[in-house]
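Notes for the structure review
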Amino acid sequence: QQPVQSPQAVILREGEDAVINCSSSKALYSVHWYRQKHGEAPVFLMILLKGGEQKGHDKISASFNEKKQQSSLYLTASQLSYSGTYFCGTETFNKFYFGSGTKLNVKP
Amino acid sequence: EAQVTQNPRYLITVTGKKLTVTCSQNMNHEYMSWYRQDPGLGLRQIYYSMNVEVTDKGDVPEGYKVSRKEKRNFPLILESPSPNQTSLYFCASSLGSRDTQYFGPGTRLTVL
């Protein structure tokens, strides 16, 4: 039931772009994205509730392809502050499942 | 300030000694969860609660108990902790199961 994330880790230089993918073998009714910095709690980024939905703020956006049961998180012109571990998550019958995470390291 | 609080933040204990980790939220949220986080495994849901007196097992409930006697509080109980329960624990709350989750600061538990 746990979504699968890829890649597991990414190293970027400031200003470069990244894509993090999240897929599920089960139907996805919604996809959440969170970011966790080292030693801190996860922080909400965005929720996508409908197939085809795209959302974004600042230079971070996401898309949700309900038919393919996958979502992607796009980080554009990455900044040092984007470093951390990104998790996708989904709810099924009131239980919540997170992916195993993608560690993003943005270097100067 | 809207927040989720957890106590204690750090705990070292020994095998078999019962312990409780408290969780409280001030946002009037109905849905609350406990997660454990282990390297490479992400966050796994232990138990969740849809509302007062309504609790259910998550993905990894073995060895844990919870209760929800009041809307704001959702304590996690380890009746007989074992070393494989050494982990980082997070409490979270949200309006519903599909809504934004707000996490507590985490409790790092070590069971010797």
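Please refer to the structure placed before this passage.
Described below are features of the structure shown in this document. Per-chain numbering applies: the sequence of each chain, read as written, is numbered from 1 onward. Chain letters start at A and ligand numbers start at 1, both assigned in the order the entries are written. Only residues with pLDDT of 70 or above have their local features reported here, since the model is predicted, and side-chain atom pairs are shown and tallied only from 80 upward, although totals for entire chains, interfaces and linings are computed over all residues. For side-chain calculations, the full set of non-hydrogen atoms in the structure is used, while hydrogens and water are omitted.

Working definition: rings of Phe, Tyr and Trp (its six-membered ring) pair if their centres are within 6.5 Å, and the pair is stacked with planes under 30 degrees apart, edge-to-face with planes over 60 apart, and tilted otherwise. A full pass over the atoms with the stated rule returns 11 aromatic pairs over all chains. Aromatic pair Tyr 34 of chain A and Phe 103 of chain B: ring centres 5.7 Å apart, planes at 85 degrees, arrangement edge-to-face. Taken as a pair, Tyr 34 of chain A in strand S4 (residues 31-36) and Phe 103 of chain B in strand S10 (residues 102-103) lie in two separate chains rather than in one. A network of ring pairs unites the aromatic residues Tyr 34, Phe 44, Phe 87, Phe 96 and Phe 98 of chain A together with Tyr 35, Phe 90 and Phe 103 of chain B as a single cluster. For helices the rule is a DSSP run of H or I covering at least 4 residues; for strands it is a run of E covering at least 2, with both sets numbered from the N terminus onward.

With that settled, the discussion passes to unusual backbone geometry. Geometrically, the link from Ser 6 of chain A to Pro 7 of chain A is a cis peptide bond, its omega value of -5 degrees lying close to zero. Residue placement: Pro 7 of chain A occurs in the loop between strand S1 (4-6) and strand S2 (9-13). Backbone torsion omega between Asn 7 of chain B and Pro 8 of chain B reads -5 degrees, so that peptide bond is classified as cis. Within the secondary structure layout, Pro 8 of chain B lies in the loop between strand S1 (4-7) and strand S2 (10-13). Not every positive phi belongs to a glycine, and Asn 94 of chain A is a case in point at roughly 75 degrees. Looking at where Asn 94 of chain A falls in the secondary structure, it is placed in the loop between strand S9 (84-92) and strand S10 (95-98). Residue Asn 94 of chain A is classed as partly exposed on the basis of its relative accessible area, which comes to 27%. Note on exposure labels: buried denotes an accessible area under 20% of the residue type's maximum, exposed denotes more than 50%, and partly exposed covers the range between, all computed with a 1.4 Å probe on protein chains only.

Attention now moves to the side chain of Ser 24 of chain A. All names here are of chain A. Structurally, Ser 24 can be placed in the loop between strand S3 (18-23) and S4. Owing to a relative accessible area of 12%, Ser 24 belongs among the buried residues under this scheme. As used in this structure description, the phrase polar contact means that two N or O atoms lie within 3.5 Å; if the pair is within protein, one of them must be able to donate a hydrogen and the other to accept it, and residues adjacent in sequence are counted only when both atoms belong to side chains. A distance of 3.0 Å separates a polar atom in the side chain of Ser 24 from the backbone oxygen of Lys 26.

A patch is a set of surface residues, each over 30% in relative accessible area and not in a salt bridge, joined within 9 Å for like charges and within 5 Å for the nonpolar side chains Val, Leu, Ile, Met, Phe, Trp and Tyr. Residue exposure ignores everything except the shown protein chains as possible cover, and the areas themselves are Shrake-Rupley values with a 1.4 Å probe. Counted as salt bridges are all cases of a side-chain nitrogen of Lys or Arg within 4 Å of a carboxyl oxygen of Asp or Glu. Together, Ile 12, Val 14 and Leu 112 of chain B make up a nonpolar patch on the protein surface, roughly 320 Å² of accessible area in all. Among the secondary structure elements, Leu 112 of chain B is positioned in the segment after strand S11 (107-111).

A separate point is the interface of chain B and chain A. Pairs of residues are marked as contacts when any of their non-hydrogen atoms sit within 4.5 Å. With 22 residues of chain B at the contact, the number on the chain A side is 22 residues. Reported buried area values correspond to the accessible surface (1.4 Å probe) lost by two parts on association, with both partners' losses combined. Buried surface at the junction of chain B and chain A, summed over both partners, amounts to about 1700 Å²; 54% is from carbon and sulfur atoms. For the chain B face of the interface with chain A, the top three residues by lost area are Leu 43, Arg 98 and Phe 103 of chain B, together amounting to 33%. For the pair chain B and chain A, the interface holds one salt bridge. With a closest N to O distance of 2.6 Å, Glu 91 of chain A and Arg 98 of chain B form a salt bridge. Counting across the chain B and chain A interface gives nine residue pairs in polar contact (both at pLDDT 80 or more). Of all the secondary structure elements, the ones that give two or more residues to the side of chain B that touches chain A are strand S4 (31-38) and strand S5 (42-51) of chain B.

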